[in-house]
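# Structural description and commentary
The primary structure of each chain is shown beneath.
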Amino acid sequence: MRSRTLKEAVMFARSENLLGINVDSYFILREPGLIRTVTDKGLVLFTYGEDNNNTENIELQKKNGVAAVIYDRITHHIPQQKNVFQEEEEEAAQLHKLFGLKVKY
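Residues numbered from 1 in each chain as written. Predicted model: local features only at pLDDT ≥ 70, side-chain atom pairs only at ≥ 80, totals over all residues. Heavy atoms only, no water.

## Topic: helix α5 (residues 84–99)
The following threshold applies: Here a strand is any run of E in DSSP of at least two residues, a helix any run of H or I of at least four, and the numbering for each starts at the N terminus. Helices are assigned an expected span. That span is 1.5 Å times one less than the residue count. The buried label goes to any residue with under 20% of its type's maximum accessible area, the exposed label to any with over 50%, and the partly exposed label to all in between, with areas taken from a 1.4 Å probe on protein chains only.
An ideal rise of 1.5 Å per residue puts 22 Å on 16 residues; α5 measures up with 23 Å between its terminal C-alpha atoms. With zero of 16 residues buried, α5 lies mostly on the surface of the structure. Two residues or fewer past α5, Gly 100 is found with a positive phi of approximately 65°.

Okay, here's the thing in structure tokens:
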């Protein structure tokens with residue numbers, strides 16, 4: 001359900017025993033005190049919106065109590081990690097080097 005105000009959304013979520021609400025991050029980033037307005041009522045807060053495509057905005061919201069941040073291009077916001085195949089190749093190369101074995105591909 002869409003609400004016109006955060007107050008209406010909180011009241012509706014509580015009256016229907018919902019877990020929480022989803023709010024455009026535009027409002028939360030400009031008035032961080034709104035996070036406590038939601039969480040003090042026992043609700044979780046999710047955010048979405050264009051502002052969530054900025055890593056600093058994501059971290060700021062998480063630090064201030066936003067339960068989940070919905071954003072695009074997840075690969076831009078997480079550190080690069082080796083996949084299982086890269087790990088396996090590196091481990092095999094280390095073992096071959098350790099035991100003086102030649103690698104055949």
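This is not the end of the story, as more comes after the structure.
## Some thoughts on the nonpolar core
Heads up, the condition is: Among buried residues, the Ala, Val, Leu, Ile, Met, Phe, Trp, Tyr and Cys ones that are joined through side-chain atoms within 4.5 Å form a nonpolar core. We call two residues in contact when some of their heavy atoms are within 4.5 Å.
Among the nonpolar cores identified, the biggest contains 14 residues, and Ile 21, Val 38 and Leu 45 are the most heavily contacted of them. Among the elements of the structure, α1 (6–15), β1 (20–24) and α3 (33–39) are those that each provide at least two residues to this core. If near-sequence neighbours (up to four positions away) are discounted, Ile 21 is found in contact with Leu 6, Ala 9, Val 10, Ala 13, Val 38, Val 44, Leu 45 and Phe 46.

## Section: the packing of aromatic side chains
Stated precisely, the cut-off is as follows: When two rings of Phe, Tyr or Trp (its six-membered ring) have centres within 6.5 Å they constitute a pair, described as stacked for plane angles under 30 degrees, edge-to-face for angles over 60, and tilted for the intermediate range.
This structure, assessed with the given rule, holds one aromatic pair. Centroid distance Tyr 26 to Phe 27: 5.3 Å. Interplanar angle 85°. Geometry classified as edge-to-face. Judged by relative accessible area, which is 42%, Tyr 26 ranks as partly exposed. Look at Phe 27 and you get partly exposed, because its relative accessible area is 47%.

## A word on unusual backbone geometry
At Asn 17, a residue that is not glycine, the phi angle is positive and equals roughly 55°. Tracing the backbone through its elements, the reader meets Asn 17 in the loop between α1 and β1. Residue classification places Asn 17 among the exposed positions, given a relative accessible area of 69%.

## A word on the side chain of Ser 25
Inspection of the secondary structure puts Ser 25 in helix α2 (residues 25–30). Setting aside residues up to four positions removed in sequence, Ser 25 forms contacts with Thr 47, Tyr 48, Gly 49, Asp 51, Asn 52 and Gln 61.

## Thoughts on a nonpolar patch on the surface
Keep this limit in mind: Each patch is built from residues lacking any salt bridge and having more than 30% relative accessible area; the joining distance is 9 Å for like charges and 5 Å for nonpolar side chains (Val, Leu, Ile, Met, Phe, Trp, Tyr). Method for areas: the Shrake-Rupley scheme with a 1.4 Å probe, in which residue coverage is limited to the protein chains shown. Each salt bridge in this description consists of a side-chain nitrogen of Lys or Arg and a carboxyl oxygen of Asp or Glu lying within 4 Å of one another.
On the surface, a cluster of nonpolar side chains totalling about 470 Å² of accessible area is made up of Leu 95, Leu 98, Phe 99 and Leu 101. By the secondary structure assignment, Leu 95 is in helix α5. In this structure Leu 95 comes out as partly exposed when scored by relative accessible area, which is 48%.

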